[in-house]
Amino acid sequence: MEPQLQDSVTDGIATVVIANPAKRNAMSAGMWRALPGVLERLAADPAVRVLVLTGEGDTFCAGADISALREPGDEQQRLAVRAEEALAAFPKPTLAAVRGFCVGGGSQLAAACDLRFAEEGARFGVTPAKLGIVYPASSTRRLAALVGPSAAKYLLFSGELIDAERALRTGLVDELHPVGELDKRVAEFCRVLASRSLLTQAAAKEFADGRTDRDAHWTEQARGSGDTAEGVAAFLERRPPRFTHGLGTP
């Protein structure tokens, strides 16, 4: 099977699967190159309300395909950063569903998601120190913002793998579930996200990520949206809300 990214949309939930089982779902150059385009297409699809990133089988992603690093230049890192930034900028909620190894480029992708749910037994690591690679500045800052400077330094300095329990304690993982229950919980939680206001989620995502130049934009979006009126009416009428707001121009 050729390394590839597989995507599908069901009931408002887009799922992107990292599929390279021969190499524990390592990301090839072609996969890094393809991911921004896949994300752009899914972001533009009005049927998509949430995106889940996961790996085929029992591994999330074992990192970048190391064989590609023998090639001269730093094109592989540029491709990885471009893919990571596209994932971080995805305008709707994103969730990494992690089982097995989430290492190197896999952790880079997981950290770029809004949330990370993991299965017991998952292992996490950021391993550039084992290869003499300078981890990208943007990726380092994102990791430090997520887990704190000390935990980020532990991961980056040592390249050691940590278990899912420690990842949960550091904030690298948001929820941890027993073997066999991850998919059920992810589906359940994504249904909740898909039922909520995309207006609220999109604005909250930008604010929480530190963007400071769009306050007026979101005030205007809220003023012109029917989501608030619908949410209040649904609450008073004791029925599920039917939010209709779509994203404006980024």
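None of these values were measured; they are calculated from a predicted model.

Some points on the sheet that holds strand β3 (residues 50-55)
- Taken in spatial order, the 6 strands line up as β1-β2-β3-β4-β6-β9 in an open sheet, and their pairing is mixed. The open sheet terminates on both sides in strands that have one partner only, identified here as β1 (4-10) and β9 (175-177). Within the sheet, the average angular offset between the axes of one strand and its neighbour, ignoring direction, is 20°.
- In the sheet, β3 pairs with strand β4 (residues 94-98) via 4 bridges, with the strands oriented parallel. Each residue of the ladder has a partner; that of Leu53, found in β4, is Ala96.
- Along the sheet face, helix α7 (residues 182-195) touches β2 (13-19), β3, β4, β6 (115-119) and β9 and points at about 160° away from the line of β6.

Describing the sheet that holds strand β7 (residues 123-125)
- In space, the 3 strands of this open sheet follow the order β5-β7-β8, with mixed pairing throughout. The outermost strands of the open sheet, each flanked by one partner alone, are β5 (101-103) and β8 (162-163).
- Lying on the sheet, helix α3 (residues 105-112) is in contact with β5 and β7; it crosses β5 at an angle near 90°.

Some words on the pairing of β6
- By the criterion of burial, β6 is predominantly enclosed, with 4 of the 5 residues buried.
- With 4 bridges connecting them, β4 and β6 associate as parallel partners. Looking across to β6, one finds that Val98 is bridged to Ala118.
- The sheet contact formed by β6 and β9 spans 3 bridges and is parallel. Bridge assignment links Phe117 to a residue of β9, and that residue is Glu175.

Reading the values: rules and limits
- Note that residues are indexed from 1 along each chain, following the sequence as it is written.
- In view of the model being predicted, local features appear only for residues whose pLDDT reaches at least 70, and side-chain atom pairs are presented and counted only at 80 or more, with totals across whole chains, interfaces and linings using the full set of residues.
- Note: side-chain values were computed over all heavy atoms of the structure, leaving out hydrogens and water.
- The pairing criterion is simple: DSSP has to find at least two bridges between the two strands.
- Runs of H or I in DSSP of at least four residues are treated as helices and runs of E of at least two as strands, each being numbered from the N terminus.
- Note on geometry: axes are lines fitted to C-alpha atoms, helical ones only across the stretch in contact, with angles between N-to-C directions running from 0 to 180 degrees.
- Note on definitions: a residue-residue contact is assigned when non-hydrogen atoms from the two residues lie within 4.5 Å.
- The buried label applies to any residue whose accessible area, calculated with a 1.4 Å probe on protein chains only, is under 20% of its type's maximum; exposed applies above 50%, and partly exposed to all values in between.

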